[in-house]
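Per-entry structural report
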Amino acid sequence: MHDKKLEAYRHERLDEMTLAEMQKELEEGKVTSEELVLMYKENISVRDSHTNAILEINPDALQIAQALDFERRTTGARSALHGIPLLIKDNMDTGDKMHTSAGSLAMKNHYALKDAFLVKKLREAGAVILGKTNMTEWANFMSDKMTNGYSSRGGQVENPYGPFDVGGSSSGSAAAVTMNLAAASIGTETSGSIINPAAQNSLAGIKPTMGLISRTGIIPLSHTQDIPGTFGRTVEDAVSVFAALIGQDPEDAITAFAVKFEGYDWSAHYKEDGLKGVKLAVPRALFEEAIPAKQMKLFEQAMDKLRECGAEIIDPIDLGSDQDDLGFAVLLHEFKADLNAYLAKSNPENPIRSMDDLIAYHNQHAETMLKFGQNLLEQANSMSGQLTEREYVEALERNRYLAAENGISATLKEVGADALLLPQDFGCNVGAAAGAPSITVPFSFTDDNEPFGVAFTGNAFSEPLLIEYAYAFEQAVNGRKKP
């Protein structure tokens, strides 16, 4: 494709193109993976000055794309992701020429020794890892004063739609996809870090059930709540990437559950009538005192639209717990244990070997590192790191009981509902503590152009049903518009 033709294609076709459309054009020879990489790199060079979503580009991306084009011509495509350029969050290890830093200047020279398990899965599927995205530093567990999307290494990620919160901590992964800097992206969530930026950037976001996707090779926050997930401009795009990440990892015991969905046909759940007869429960107490009036108005409109689609709304319901009941102590204790284990086993060239080292580095470079302080890091570091404290065990038990057993599962059964329905990212802590899946879908925009979405949250492993609800709702409202 000549330069002028490439430029025209980039402006007229590439923006908002779905993964399925991209794959069709690749198969028909209308575009190559190499050209897609060039076009996205061009988009990044022109547009990312407005968003600051990209930390670095993979130096090998173009040659990987060329090799995948050759493979397509000779032996055929490996999967629906073959030759598709994707972005990953900067807390995911890549055994290549890119750094893995969790957004921190303290880790700016850190090269991981090998690919994270999910990165390996992406490469096996034939995806092109285009680069790494900016994020809220240390997954927003460095300071309670830090703004969403800020990192010492990358600066502030901006919301493409205006002077709004960009969402955290997978900020760059979301902003990049909404700005058409890649076909889709991967982020991580501990408590709201996929649902929140997806909603704030008019994207579909999938936060899966704990156990479907490996966490091996991801800079951790909490081993009981961390989970990778996906961003797409459509539900189908987010699902396509999610499907490629599912798999059993011998190094991550909880992924024994993934066997249930390996090779699963997700396309069977793209149903326009997927909301007919579905009962959705609204735990209003989780958000009614906190939600702005402009968002509440849109949520009421979204519920009306869901009723038009055939859903029954049970409103309100009592979930039996409040987000404040859920143990912050779980994250505080696990962060030290988990981060110390990651750093101790990181590349021997990495001088940061523990949380002690990290805090010392911050103090030595206070001007660049402590713009927002490090009170959460210091709190976490004051824990033993042995996970023996009574406060931790009680918080862990409380999370499992209040959020999972006595929360989502028991309440849905009691009221006869199929899933919870929530506005924006309100109530995401409950699903996070329960290890339950959530999918957010763009609905509309406030009068001042801030994106607004709704989230469906269900029982563990209810992704097939949630995808039906999300897909049907998306088709009915067509709520996304590009910035």
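Just so we're clear, the structure is a prediction, and the values are computed from it rather than from any experiment. (Residues numbered from 1 in each chain as written. Predicted model: local features only at pLDDT ≥ 70, side-chain atom pairs only at ≥ 80, totals over all residues. Heavy atoms only, no water.)

Let us now look at helix α11 (residues 355-364). Within the span of α11, buried status applies to Met355, Leu358, Ile359, Tyr361 and His362. Down the axis of α11, the buried side of the element spans an arc of 155°, and every buried residue falls inside it. Exposed side chains of α11 directed beyond 90 degrees from the buried face belong to Asp356 and Gln364. The inward-facing, buried residues of α11 abut α10 (328-344), α12 (366-369) and α13 (375-381). Of the residues that open α11, the one with a side-chain oxygen 3.3 Å from the backbone nitrogen of Asp356 is Ser354. (Buried < 20%, exposed > 50% of the residue type's maximum accessible area, 1.4 Å probe, protein only. Helix = DSSP H or I, 4+ residues; strand = E, 2+ residues; numbered from the N terminus. Arc of directions from axis to C-beta. Contact = heavy atoms within 4.5 Å. Polar contact = N/O pair within 3.5 Å; in protein donor to acceptor, adjacent residues only side chain to side chain.)

Here we take up the nonpolar core. With 112 residues, the main nonpolar core has Leu86, Leu122, Leu280, Leu421, Phe456 and Phe473 as its most contacted residues. Among the elements that take part in this core, helix α16 (residues 463-477) stands out by supplying 8 residues, more than any other. When near neighbours in sequence (up to four residues on either side) are disregarded, Leu421 contacts Leu280, Ala281, Val282, Pro283, Phe299, Met303, Leu306, Ile313, Val454, Ala455 and Phe456. If you look at the next biggest cluster of nonpolar residues, it comprises 29 residues, including Ala106, Met146, Tyr342 and Ile352. (Core = buried A, V, L, I, M, F, W, Y, C linked by side-chain atoms within 4.5 Å.)

Next up on the list: the pairing of strand β8 (residues 227-232). The element β8 is largely enclosed, with a buried count of 6 among its 6 residues. Because side chains alternate across β8, one face comprises the buried residues Ile227, Gly229 and Phe231, and the other comprises Pro228, Thr230 and Gly232, equally buried. Where strand β6 (residues 184-189) lies against β8, 5 bridges are found, and the strand directions are antiparallel. Opposite Ser185, over in β8, you have Phe231 as the bridge partner. Relative to β8, strand β7 (residues 204-207) runs antiparallel, the two being bridged by 3 bridges. (Pairing = 2+ DSSP bridges.)

Here we take up the pairing of strand β11 (residues 419-423). Here β11 lies mainly inside the structure; 5 of its 5 residues are buried. Here β11 shows no split at all, with Ala419, Leu421 and Pro423 on one side and Leu420 and Leu422 on the other all buried. Note: strand β9 (residues 279-281) against β11, 2 bridges, orientation parallel. Note on β11: the bridge partner recorded for Ala281 is Leu420.

We now examine the packing of α10 against helix α14 (residues 390-415). Viewed as axis vectors pointing N to C, α10 and α14 meet at an angle of 125°, and their least axial separation amounts to 8 Å. In terms of their interaxial angle, α10 and α14 are classed as oblique. Here the hand of the crossing between α10 and α14 comes out left-handed. Taking contact as the criterion, the partners of Ala329, Val330, His333 and Glu334 in α10 are, on α14, Glu391, Tyr392, Ala395, Leu396 and Asn399. (Axes fitted to C-alpha atoms, helices over the stretch in contact; angles between N-to-C directions. Parallel < 35°, antiparallel > 145°, perpendicular 65-115°, else oblique. Left-handed = near helix turned anticlockwise from the far one by under 90°.)

Turning to the side chain of Asn180, a few remarks are in order. One can find Asn180 in the loop between α6 (171-178) and β6. A polar atom in the side chain of Asn180 sits 3.1 Å from the side chain of Arg233. Excluding residues that lie within four positions of it along the chain, Asn180 makes contacts with Leu14, Asp15, Glu16, Tyr40, Asn43, Arg47, Arg233, Arg480 and Lys482.

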